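Descriptive analysis of the structure
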Amino acid sequence: MITVIGSMNMDIVVQTDNFPVQGETVLGQLFTTVPGGKGSNQAVAAARLGSKVQMLASVGIDSFGNELLADLKANGVKTDSVIQTEEAATGIANILLSEGDNRIIVVPGANYSLTVESIKNMKETIQQSTFVIMQLEIPIPVVKYTLELCSELNVPVLLNPAPASGFQLEFMDYIAYLTPNETECELIFGENMEATLEKYPNKLIVTLGSDGARYFDGNKHIVVPGFKTNAIDTTGAGDTFNGALVHALGQGLSLEQAVRYANASASLSVEKFGAQGGMPSHEEVVNRLEGACK
């Protein structure tokens with residue numbers, strides 16, 4: 001069982017031909033709301049690939065919260081550990097899509113109602129997990145306590161350090177894998193990526209967008225290439241990578257094989273609209289991997 005501890009947001013999406021500059025108004029082509037939040041996205045990604053997944057999070061007692069819970073259940077994710085709170089509205093992410101890229105503003109809302117006490121009450125649930133996935137869209141003290149608890153329980157953790165501003169270097173002592181993108185890696189560790197990778201062999205995996213991902217295996221730098229794809233919406237690609245990576249590791253793949261599997265999964269995810277819209281099944285990932293080998 002994979003336990004995802006993190007954020008659940010409703011994505012409020014606007015698509016336009018050009019990003020507006022400061023003070024400019026432009027016309028958009030699309031407005032919609034779709035389920036999102038890094039935690040929820042990663043849970044759905046792993047579940048669609050075939051893992052047993054449960055979500056530990058907080059949403060509001062409102063229509064967005066109800067929709068997000070229904071979405072998780074529809075994707076086979078267990079929601080018994082999702083708290084519905086009266087203290088805040090469900091979190092939202094305002095997503096602007098244009099030019100094959102995105103700009104995002106997150107309002108945490110009920111995500112920040114998740115407390116250390118909430119995690120303490122879920123200790124038995126966490127203890128039964130084979131892997132925990134976390135991000136930084138919940139309160140940092142909760143992240144820190146959860147990492148310490150998982151270490152005590154000997155449950156491995158993949159931490160996706162987004163937003164990177166909340167990351168603390170001491171977290172490295174408690175995690176099995178850290179998966180920043182290039183920008184996040186530079187914000188956390190500085191500009192010398194190669195030296196940083198060598199400091200954390202087989203633990204720090206830097207995602208490179210369409211170029212794949214890289215890590216240091218203790219002897220050499222490993223660059224696992226990405227896959228050619230026609231990107232429609234890059235929202236959720238990183239979340240797909242993380243959910244797929246943990247799924248693949250849980251199936252016994254080596255780290256290099258798991259990263260390649262995650263790259264393939266992420267490449268498929270950007271070919272459809274919405275953070276979760278293009279998240280693939282295991283069969284789709286296998287087909288892409290086999291196609292790349294021909």
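Everything below is about the structure printed above this text.
Residue indices begin from 1 for each chain and proceed along its sequence in written order. Reporting in this predicted model follows two pLDDT cut-offs: at least 70 for local features of residues, and 80 or more for side-chain atom pairs to be given and counted; totals over whole chains, interfaces and linings ignore these cut-offs and use all residues. Side-chain calculation: all heavy atoms of the structure are included, whereas hydrogens and water are not.

1. Looking at the overall build of the protein chain
Our working rule: By the criteria applied, helices consist of DSSP H or I runs no shorter than four residues and strands consist of E runs no shorter than two, each listed in order from the N terminus. Computation of the radius of gyration draws on C-alpha atoms, with the globule rule given as 2.2 Å multiplied by the number of residues to the power 0.38. Relative accessibility thresholds used throughout: buried, under 20% of the residue-type maximum; exposed, over 50%; partly exposed, between the two (1.4 Å probe, protein chains only). Throughout, a contact is declared for two residues whenever any of their heavy atoms are within 4.5 Å. Accessible areas in this description were obtained via Shrake-Rupley with a 1.4 Å probe; residue shielding takes into account the shown protein chains only. As used throughout, the charge tally considers Lys and Arg to be positive and Asp and Glu to be negative, leaving His and the chain termini uncounted. Just so you know, the charge point we use is NZ for Lys, CZ for Arg, CG for Asp and CD for Glu.
On a plain count of helices and strands, the protein chain comes out with 10 helices and 13 strands. For a compact globule of 294 residues, the expected C-alpha radius of gyration is about 19 Å, and the protein chain comes in at 18 Å, within 12% of that figure. Expressed as lengths along the three principal axes of its C-alpha atoms, the size of the protein chain is roughly 50 × 45 × 40 Å. Burial status across the protein chain gives 53% buried among its 294 residues. Across the protein chain, every contact between residues at least 6 apart in sequence was considered, and the portion connecting residues at least 24 apart equals 68%. Carbon and sulfur atoms make up 48% of the accessible area of the protein chain, which amounts to about 13,100 Å² in all. In the protein chain, the 18 positive side-chain charges and the 33 negative ones have mean positions that sit 7 Å from each other.

2. Quick look at the pairing of strand β8 (residues 131-134)
Using the following cut-off: Being paired, for any two strands, means DSSP has found at least two bridges between them. Here a crossover is taken to be right-handed if, once the strands point away from the viewer, the path from the first strand over the helix to the second is traced clockwise.
Judged by which residues are buried, β8 turns out to be covered on both faces: Phe131 and Ile133 on one side and Val132 and Met134 on the other are all buried. Alignment of β8 against strand β9 (residues 157-159), held across 3 bridges, turns out to be parallel. What sits directly across from Ile133, in β9, is Leu158. At this point the chain moves from β8, through helix α5 (residues 140-153), to the parallel β9, and the crossover so formed is right-handed.

3. A closer look at the side chain of Thr3
The following threshold applies: Whenever two N or O atoms come within 3.5 Å, that pair is a polar contact, provided that in protein one can donate a hydrogen and the other can accept it, and provided that, for residues adjacent in sequence, both atoms are side-chain atoms.
Tracing the backbone through its elements, the reader meets Thr3 in strand β1 (residues 2-5). Among the polar contacts made by the side chain of Thr3, one reaches the side chain of Gln54 at a distance of 2.7 Å. If we ignore the near neighbours within four places in the chain, the residues touching Thr3 are Gln54, Thr125, Ser129, Phe131, Val132 and Ile133.

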